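Overview (structure and organization)
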Amino acid sequence: MSSQAHQLPAVMIREPGRAPLCLLVRGPAIEVGRDCRGLLLTDPQISRRHLALHEASGVVHVTDLGSTNGTRVDGDPIAGAHALAPGQVVQFGATTIVLFRGSTDTAALSSGAGEAGAARGQALTIVISDIDDATRRGIDLGATRWTSLLDLHNSIVRRHVDRYHVTEVRALGDGFLLSFPTALDALSCMVDVQRALDALARSRPADRLRVCVGVHTGDVVIAARVAAAARGGEILVSGLVRELVEPSGGFRFGPPRVARLVGSGEEHLLHPVAWEDVNMRGIT
């Protein structure tokens, strides 16, 4: 992606039961709703034409389009256009939108990856994870038990993240945005996470969680699109990530598949990691 695109503001959209989507905001206003001319969502609590996003002079504005249930920013209802600040949370129905900037986010990721990584000037590898079918599981289990299971999921992920001394950029409710200094570290860590969750499922079937993981090196927006294409229990990587880790000889991949990444319309060849067969001893 060009340096100009990195300067454009972007938002992270999280809809119940779906992986997070990163969207660059530029040009004409983007409508968001269940039946509109822009971004179509499935959240039953939002209106057909719920809100619009547009950018002016580098500032993202959100406008409620006369929705039935309204739009809130950091908990306060809005009327008319509202200018968003980075980190502010827009809530409509059960869906949220958080503003960040590609350039700002890249700088934050770089500073969090450690001085050695910054000195080498290497691109960071971005991991985005999301619990598959989280909304339905939460309803089935009830608030108390679901919260307990989420806490267990978070502790498993964070335990392995701590082992690799990498950066938790942001917790995403039922998932994470993580940055790693190398693609090798990213895949090794997420293989450990999937194996730990698999062990939990075998010992406690009622607490089984299937986590979708997307991995890409260098661009958080593309990483989010890869994550949106991942299936439950899968680690899905871009072609670049596969090229970076193949010399280690420690990873095997399932059959690649062509996916039209959400938000871009572009087709990419994506590769599922056969994490059950990974020989961790062969990874250095």
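Rules behind the numbers
- Residues numbered from 1 in each chain as written.
- Predicted model: local features only at pLDDT ≥ 70, side-chain atom pairs only at ≥ 80, totals over all residues.
- Heavy atoms only, no water.
- Helix = DSSP H or I, 4+ residues; strand = E, 2+ residues; numbered from the N terminus.
- Buried < 20%, exposed > 50% of the residue type's maximum accessible area, 1.4 Å probe, protein only.
- Contact = heavy atoms within 4.5 Å.
- Salt bridge = Lys/Arg side-chain N within 4 Å of Asp/Glu carboxyl O.
- Polar contact = N/O pair within 3.5 Å; in protein donor to acceptor, adjacent residues only side chain to side chain.
- Core = buried A, V, L, I, M, F, W, Y, C linked by side-chain atoms within 4.5 Å.
- Pairing = 2+ DSSP bridges.

1. Describing the overall build of the protein
When helices and strands are counted, the protein shows eight helices and 18 strands. The burial tally for the protein puts 51% of its 284 residues in the buried class. Considering only intrachain contacts with a sequence separation of at least 6, the fraction spanning at least 24 residues in the protein is 54%.

2. With respect to the pattern of salt bridges
Evaluated as defined, the whole model comprises twelve salt bridges. Of the charged contacts in the structure, one is a salt bridge between R14 and D174, with a shortest N-O distance of 2.2 Å. In this pair, R14 sits in strand 1 (residues 9–14) while D174 sits in the loop between strand 13 (167–171) and strand 14 (175–180), placing the two residues 160 residues apart along the sequence. Residue R14 is classed as buried on the basis of its relative accessible area, which comes to 14%.

3. A look at the side chain of T217
Inspection of the secondary structure assignment puts T217 in strand 15 (residues 211–217). Accessibility expressed as a relative area gives 8% for T217, which makes it buried. One polar contact links T217 to T125, side chain to side chain, over a distance of 2.7 Å.

4. Examining the nonpolar core
Across soluble globular proteins, you tend to see nonpolar side chains buried next to one another. Of all hydrophobic cores here, the largest spans 38 residues; its most connected members are L187, V215, I235 and V273. Of all the secondary structure elements, the ones that give two or more residues to this core are strand 12 (125–131), helix 4 (134–141), helix 5 (143–163), strand 14, helix 6 (183–203), strand 15, strand 16 (235–237) and helix 8 (239–245). Tallying contributions element by element places helix 6 first for this core, with eleven residues. Ranked by size, the runner-up nonpolar core spans 20 residues in total, among them I46, V62, I78 and L84.

5. Looking at unusual backbone geometry
Backbone geometry at S57 places phi at a positive 55°, although glycine is not the residue there. Tracing the chain through its elements places S57 in the loop between strand 5 (51–56) and strand 6 (59–64). Classification of S57 by relative accessible area gives exposed; the value is 79%.

6. Examining the sheet that holds strand 3 (residues 30–33)
Overall, mixed pairing links the five strands, which are arranged 4-3-5-6-9 in an open sheet. Two strands lie at the open edges of the sheet, namely strand 4 (39–40) and strand 9 (81–83), each paired on one side alone. Where strand 3 meets strand 4, two bridges bridge the pair, whose relative direction is parallel. Within the sheet, the bridge partner assigned to G33 lies in strand 4 and is L40.

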